[in-house]
Amino acid sequence: MIIKPKVRGFVCVTAHPEGCAAHVQQWIDHVKAQGPISGGPKRVLVLGSSTGYGLASRITAAFGSGAATLGVFFERPSEEGRSATPGWYNTIAFTKAARAAGLYAKNFNGDAFSADIKQQALDAIRADLGQVDLVVYSLASPRRTHPTTGVVHKSCLKPVGASYTNKTVDTDKGIISTVAIEPASEQEIADTVTVMGGEDWEMWMQALTDAKLLAPGAQSVAYSYIGPEVTWAIYKNGTIGLAKNDLERAARHIDSLLKLNGGGRAFISVNKALVTQASSAIPVVPLYISILYKIMKAAGTHEGCVEQIQRLFATQMYNGRKPTFDESGRIRVDDWEMRPAIQSAVAKIWPGVTTENIAAETDIAGYRTEFLKLFGFGLPGINYDAETEPHVPML
Ligand code: NAD
């Protein structure tokens, strides 16, 4: 099959197996080039391990500190005439590379919110690793079937309390338009908190604690975002922001649980805004990212997922370092994004961006390149005109 990108709105419905593998290899190469992370984790459970920040965490743990990793993710395999989702190919590429390096890597493709997948992962930890010393929680999902009630909750990206109007960009076509979003209902808010809040993270950590599968001193981290004021109505103060507040509540609860387990800890890391499958679905944010990339690249401070997580592990969590927490007990690897000089440069560009000047005023080209890379397109050394085998079994 010859696989070309097919972009539909904010998703690409095709993915290239060799391209995804080349992308994963770039991330592995980055982590290796930074050198070993001393005192890094050795047995790691990553929830949401196939793309974005979760994949970056798995790669950093494996290739930064030689960790055995167990990854949980939800990806669709290939079908007749259709490629698999990129996380499927990413995971296969990661697993091959990890095993070639002599590292344990096991995968669970299924619903992390379900009791069944939790049980399977716990059984594998008990049988293969004994315990884990780090749990990374990096799920981004549009829905959650609640494991006890069976109710399906859908998350939404809406403002709370008042409608919100701002600029947004169709990243595929480069067209700027005004988007007006009505505020979420109470039910939509509650559902988003149920999907993207902290309850599921707490369920995982409670199950691991009860089964005595956390090594003494084990840590857990979940990822969040805050961003600048221009996005607050849709992000920080919107439905997703309320869910993230609940994630912070869960962090405090899990932290108290882990403290009792040999002085471990749990915390939130606030990460930088980046092109991922999850972030491209948020209105307004892709335009902000396109401007941010331009400013941060010019300042020499631009990072991608793997640079962010390598920095988190190497300068905050391990390497003999102590984490620096903000006033709310969060680690901030969004620090370079939030620098006043960066933010004021973004704020200066924001009001004047139009469809006509978007190529000059923003890094929309860089956004598109990164977006296509998520699906394995545009990687050097790949012949995209050649036949490729889309049907690859999970390892
Ligand atoms: P992503 O879409 O790249 O990754 C999501 C992961 O979750 C994938 O591995 C996917 O397979 C998995 N997943 C989704 N539903 C699942 C389910 N039911 N069961 C098992 N696995 C499931 O997303 P991302 O952008 O890397 O987001 C990860 C976390 O980082 C989120 O909490 C997000 O809010 C946070 N974050 C993202 C950004 C950003 O700009 N992208 C910035 C800061 C924080």
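Residues numbered from 1 in each chain as written. Predicted model: local features only at pLDDT ≥ 70, side-chain atom pairs only at ≥ 80, totals over all residues. Heavy atoms only, no water.

Asks: Quick question: what am I supposed to make of the overall build of the protein here?
Replies: Secondary structure assignment for the protein yields 12 helices and 13 strands. At 20 Å, the protein has a C-alpha radius of gyration in line with the 21 Å of a compact globule built from 395 residues. Taking the principal axes of its C-alpha atoms as reference, the protein extends roughly 60 × 50 × 45 Å. Buried positions account for 56% of the 395 residues belonging to the protein. A total of about 15900 Å² of accessible surface is found on the protein, and carbon and sulfur atoms cover 56% of it. Within the protein, one finds 39 positive and 38 negative side-chain charges whose respective centroids are separated by 4 Å. (Helix = DSSP H or I, 4+ residues; strand = E, 2+ residues; numbered from the N terminus. Rg over C-alpha atoms; globule rule 2.2 N^0.38 Å. Buried < 20%, exposed > 50% of the residue type's maximum accessible area, 1.4 Å probe, protein only. Areas by Shrake-Rupley, 256 points an atom, 1.4 Å probe, with all protein chains shown as cover. Lys, Arg positive; Asp, Glu negative; His and termini not counted. Charge placed at Lys NZ, Arg CZ, Asp CG, Glu CD.)

Asks: What's the story with unusual backbone geometry in this structure? I'm lost.
Replies: Most peptide bonds adopt trans geometry, and most residues besides glycine take a negative phi value. For Val284, which is not glycine, the phi dihedral falls at a positive 70 degrees. Summarising the element assignment, Val284 is placed in the loop between strand S12 (265–270) and helix H8 (285–299). Overall, Val284 belongs to the buried group, its relative accessible area being 0%. If you check the backbone angles, Asn319 has positive phi at about 60 degrees while not being a glycine. For Asn319, a relative accessible area of 30% corresponds to the partly exposed category.

Asks: Would you mind showing me how to read the layout of surface pockets here?
Replies: Empty space among the atoms becomes apparent when a probe as large as a water molecule is rolled across them. Its boundaries defined by the atoms lining it, the second largest pocket holds a volume of some 250 Å³. What lines the second largest pocket is a set of 17 residues, among which Trp27, Gly304, Glu307, Glu370 and Lys373 lie closest to the centre. Sorting the residues of the lining of the second largest pocket by element identifies helix H1 (17–33), helix H9 (305–317) and helix H12 (364–374) as the ones contributing at least two each. If you tally residues by element for the lining of the second largest pocket, the top one is H1, at four residues. A per-class count over the lining of the second largest pocket returns seven nonpolar, six polar and four charged. (1 Å grid on protein atoms, 1.4 Å probe; cavity = no way out; pocket = protein on both sides within 12 Å on 5 of 7 lines; lining within 4 Å. Points joined across faces, edges and corners; volume = space filled by probe spheres on them. Nonpolar A, V, L, I, M, F, W, Y, C, P; charged D, E, K, R; others polar.)

Asks: How should the packing of helix H4 (residues 115–129) against helix H6 (residues 199–210) be read in this particular structure?
Replies: For any two helices packed against each other, one specifies the crossing angle of their axes together with the interaxial distance. Following both chains from N to C, one finds H4 and H6 inclined at 35 degrees, their axes separated by 11 Å at the closest point. Where H4 crosses over H6, the two elements pack in a sense that is right-handed. Residues Ile117, Lys118, Ala121, Leu122 and Ile125 of H4 touch H6, and the partners they reach there are Asp200, Met203, Trp204, Ala207 and Leu208. Class assignment of the residues belonging to the contact of H4 with H6 gives a composition of eight nonpolar, no polar and two charged. (Axes fitted to C-alpha atoms, helices over the stretch in contact; angles between N-to-C directions. Left-handed = near helix turned anticlockwise from the far one by under 90°. Contact = heavy atoms within 4.5 Å.)

Asks: How do you make sense of the packing of H8 against H12 when you look at a structure like this?
Replies: At a minimum axis separation of 8 Å, H8 and H12 run at an interaxial angle of 105 degrees. On the basis of the axis angle, H8 is roughly perpendicular to H12. Contacts between H8 and H12 involve Pro286, Ile289, Ser290, Tyr293 and Lys297 on the former and, on the latter, Ile364, Gly366, Tyr367 and Glu370. Split by residue class, the contact of H8 with H12 holds five nonpolar, two polar and two charged. (Parallel < 35°, antiparallel > 145°, perpendicular 65-115°, else oblique.)

Asks: Where do I start with the state of the cysteines in this structure?
Replies: Disulfide: a covalent bond connecting the sulfur atoms of a pair of cysteines. Counted by the stated rule, this structure contains zero disulfides. Unpaired in terms of disulfides, Cys12 finds its nearest cysteine sulfur in Cys20, a separation of 9.5 Å. (Disulfide = S-S within 2.5 Å.)

Asks: What's the story with the sheet that holds strand S11 (residues 214–224) in this structure? I'm lost.
Replies: In any sheet, the strands associate via hydrogen bonds between backbone groups, in a parallel or an antiparallel arrangement. Taking strand neighbours across the sheet as the criterion, the seven strands line up as S5-S4-S3-S6-S11-S12-S13 in an open arrangement whose pairing is parallel. The sheet terminates laterally at strand S5 (105–109) and strand S13 (331–332), the two strands that pair on one side only. Examined bridge by bridge, strand S3 (residues 43–47) and strand S4 (residues 68–73) share five bridges and lie parallel to one another. Its bridge partner being in S4, Arg43 is matched across the sheet by Ala68. (Pairing = 2+ DSSP bridges.)

Asks: For this particular structure, what's the right way to read the nonpolar core?
Replies: Across soluble globular proteins, nonpolar side chains have a tendency to be buried as a group. Counting residues in each nonpolar core, the largest one holds 79 residues, and the members touching the most others are Ile59, Phe63 and Phe313. Among the elements that make up this core, the one with the highest residue count is H8 (nine residues). If we skip the residues at most four places from it in the chain, Phe313 touches Ile37, Pro41, Ser57, Thr60, Ala61, Leu134 and Tyr318. Core analysis: the second largest hydrophobic core is formed by 36 residues, Phe108, Leu129, Ala218 and Ala251 among them. (Core = buried A, V, L, I, M, F, W, Y, C linked by side-chain atoms within 4.5 Å.)

Asks: Would you take a moment to explain H8 for this structure?
Replies: One turn of the α-helix equals 3.6 residues, which is why residues spaced by three or four share an orientation. Between its first and last C-alpha, H8 extends 20 Å over 15 residues, near the 21 Å set by a 1.5 Å rise per residue. In terms of residue burial, H8 counts as a mostly covered element, since 11 of its 15 residues are buried. For H8, the set of buried residues is Val285, Pro286, Leu287, Tyr288, Ile289, Ser290, Ile291, Leu292, Tyr293, Ile295 and Met296. Close packing links the buried residues of H8 with strand S9 (164–170), strand S10 (175–181), helix H10 (340–349), helix H11 (358–361) and H12. One or two residues past the end of H8 sits Gly300, with phi positive at roughly 75 degrees. (Expected span 1.5 Å × (residues − 1).)

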